[in-house]
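Results of the structural survey
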Amino acid sequence: MNLRVTKEKFYCNGKLTAMGWTVLAVFIVLYMGLKHLTRVRRENYAAASTNMQSMPIPTSRPSATNSPNLPETPLPPPSTPVFLPTKTAPTAPSRQYNQPSFGNLNSSGKILSNDFLPKGTILYATLTSDIVSNNQVSPATATIIHPSIFAHKVRIPVGTQATGRIAPGNLRGRVFVTWDTLIFYEEGRQGWELPIKGIGMTYEENPHSKRWFINGAGLKGFLYDDSTATAFKLATAKAMQDFVKTLQTYITTQNNTVSAGSVVTTTTTMLDSTLQNSGLAAAQAFMDVIASRYSATLQQQNSYVLVPTARFCAIFLDEAVDLTAAAPGRSIQTSNR
């Protein structure tokens with residue numbers, strides 16, 4: 001069933017059909033009924049609004065006729081408050097909001113400003129020079145690789161150079177280094193020096209957990225010990241000396257002397273005056289010189305520890321540092337004292 005068939009049922013040959021007239025009459029009746037209901041509803045709403053406006057508004061709440069009038073009890077007069085003396089707590093010295101809550105609490109201390117690092121601060125650095133335990137003349141140098149932050153402020157920036165000295169001796173393959181100066185290179189403080197008192201510590205990676213940690217005082221390095229080789233060379237020289245002695249020939253002579261009516265016989269042994277003995281004696285003397293040198297080398301400290309460049313290390317500050325004390329030429333001022 002399409003639209004054309006539906007149209008022919010309601011409208012055909014220019015005239016409405018019986019079904020068309022029926023549908024039209026139904027629509028007219030519905031329209032008139034809805035219009036009448038709407039008019040009645042509007043009249044009822046208008047009448048209700050008029051009645052609400054004409055009603056009087058009560059000014060006070062009507063009291064019950066059966067309730068007795070009770071006498072009102074007057075309120076007591078207000079009492080005068082009594083103020084007792086109170087002890088005032090001691091007030092702390094006032095400070096500005098932009099000032100930290102630490103600093104010059106002890107006027108007799110050496111720290112003169114709020115820009116400082118406390119004792120025990122760790123500075124992480126990497127070596128920029130080889131360190132050898134038996135070369136105490138060579139200085140130790142390192143570069144800070146992690147900023148030192150204290151009280152939400154960077155105190156030691158990255159790139160600051162640390163210098164120190166190699167302590168005598170080594171222990172368990174470690175070199176002891178004392179750090180004494182920080183040199184700044186950031187904008188505005190190029191070349192400024194700051195004296196410190198730091199202890200070099202090993203900063204390495206754990207082979208099992210793969211975590212970096214500080215492994216005690218002293219910088220770990222490669223241990224070199226040639227005392228065994230020197231002792232072997234000395235023993236070889238001594239053995240060759242004894243072997244040369246066995247190749248030499250000797251002459252034994254006896255001398256008889258009469259003393260106090262008795263004959264005394266003395267025996268003398270000496271090298272034979274031959275070319276072979278002369279050459280063997282020269283070789284023995286040469287080996288004796290070499291053996292004496294090996295012996296002198298063994299008496300010295302032959303073992304040493306080498307810490308290569310780019311090895312990570314930690315600097316433990318053994319004393320608090322006042323960063324405002326940094327200035328150009330502080331090393332000259334310290335050496336003149």
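Quick note: structure is the one above.
In this report, we go over the structure that sits alongside the text. (Residues numbered from 1 in each chain as written. Predicted model: local features only at pLDDT ≥ 70, side-chain atom pairs only at ≥ 80, totals over all residues. Heavy atoms only, no water.)

**As for the pairing of strand S11 (residues 193-205)**
The side chains of a regular strand alternate, residue by residue, between the two faces of the sheet. With 5 bridges joining them, strand S10 (residues 174-183) and S11 adopt antiparallel strand pairing. By the bridge assignment for S11, Trp179 is matched with Gly198. By the bridge criterion, 4 bridges tie S11 to strand S18 (residues 312-317) in an arrangement that is antiparallel. The partner of Thr202 across the bridge, within S18, is Cys313. (Pairing = 2+ DSSP bridges. Helix = DSSP H or I, 4+ residues; strand = E, 2+ residues; numbered from the N terminus.)

**Description of the environment of Phe176**
Relative to the assigned elements, Phe176 resides in strand S10. When the C-alpha positions of Phe176 and Met201 are compared, they lie 8.2 Å apart, and in sequence the two are 25 residues distant.

**Considering the pattern of salt bridges**
On inspection of all chains with the given rule, the structure shows 4 salt bridges. Of the charged contacts, one joins Arg155 and Asp115 as a salt bridge, the two residues approaching to 2.7 Å between their closest N and O atoms. Of this pair, Arg155 sits in strand S8 (residues 154-156) while Asp115 sits in the loop between helix H2 (18-54) and strand S3 (116-117), and the two are 40 residues apart along the sequence. The partly exposed category is assigned to Asp115, whose relative accessible area is 21%. One salt bridge connects Lys197 with Glu319, and the closest N-O pair in it is separated by 3.9 Å. Of this pair, Lys197 sits in strand S11 while Glu319 sits in the loop between S18 and strand S19 (321-322), placing them 122 residues apart in sequence. We classify Glu319 as partly exposed; its relative accessible area is 43%. (Salt bridge = Lys/Arg side-chain N within 4 Å of Asp/Glu carboxyl O. Buried < 20%, exposed > 50% of the residue type's maximum accessible area, 1.4 Å probe, protein only.)

**With respect to the sheet that holds strand S17 (residues 304-307)**
If you walk across this open sheet you meet the 3 strands as S5-S17-S14, and the pairing is antiparallel. If you trace the sheet from one side to the other, it starts and ends with strand S5 (131-132) and strand S14 (222-224), each paired once. Alignment of S14 against S17, held across 3 bridges, turns out to be antiparallel. Bridging across to S17, Leu223 finds its partner in Val305.

**Quick look at the packing of aromatic side chains**
Each aromatic ring pair is summarised here by two numbers: the centre-to-centre distance and the angle between the ring planes. Per the counting criterion, the structure on display carries 4 aromatic pairs. Taken together, a centroid distance of 5.4 Å and an interplanar angle of 35° make the contact between Tyr203 and Trp212 tilted. Three or more aromatic residues link up through ring pairs in this structure, and these residues are Tyr124, Tyr203, Trp212 and Phe312. Its end group placed over the ring of Phe184, Arg189 keeps NZ or CZ at 4.0 Å from the ring centre. (Phe/Tyr/Trp six-rings, centres within 6.5 Å; stacked < 30°, edge-to-face > 60°. Lys NZ or Arg CZ within 6 Å of the ring centre and 35° of its normal.)

**Observations regarding the pairing of strand S6 (residues 140-144)**
S6 sits mainly inside the fold: 4 of its 5 residues count as buried. As defined by bridge partners, strand S4 (residues 122-127) adjoins S6 across 3 bridges and the pair is classed as antiparallel. Residue Thr126 lies in a different strand from S6, and its bridge partner there is Thr143.

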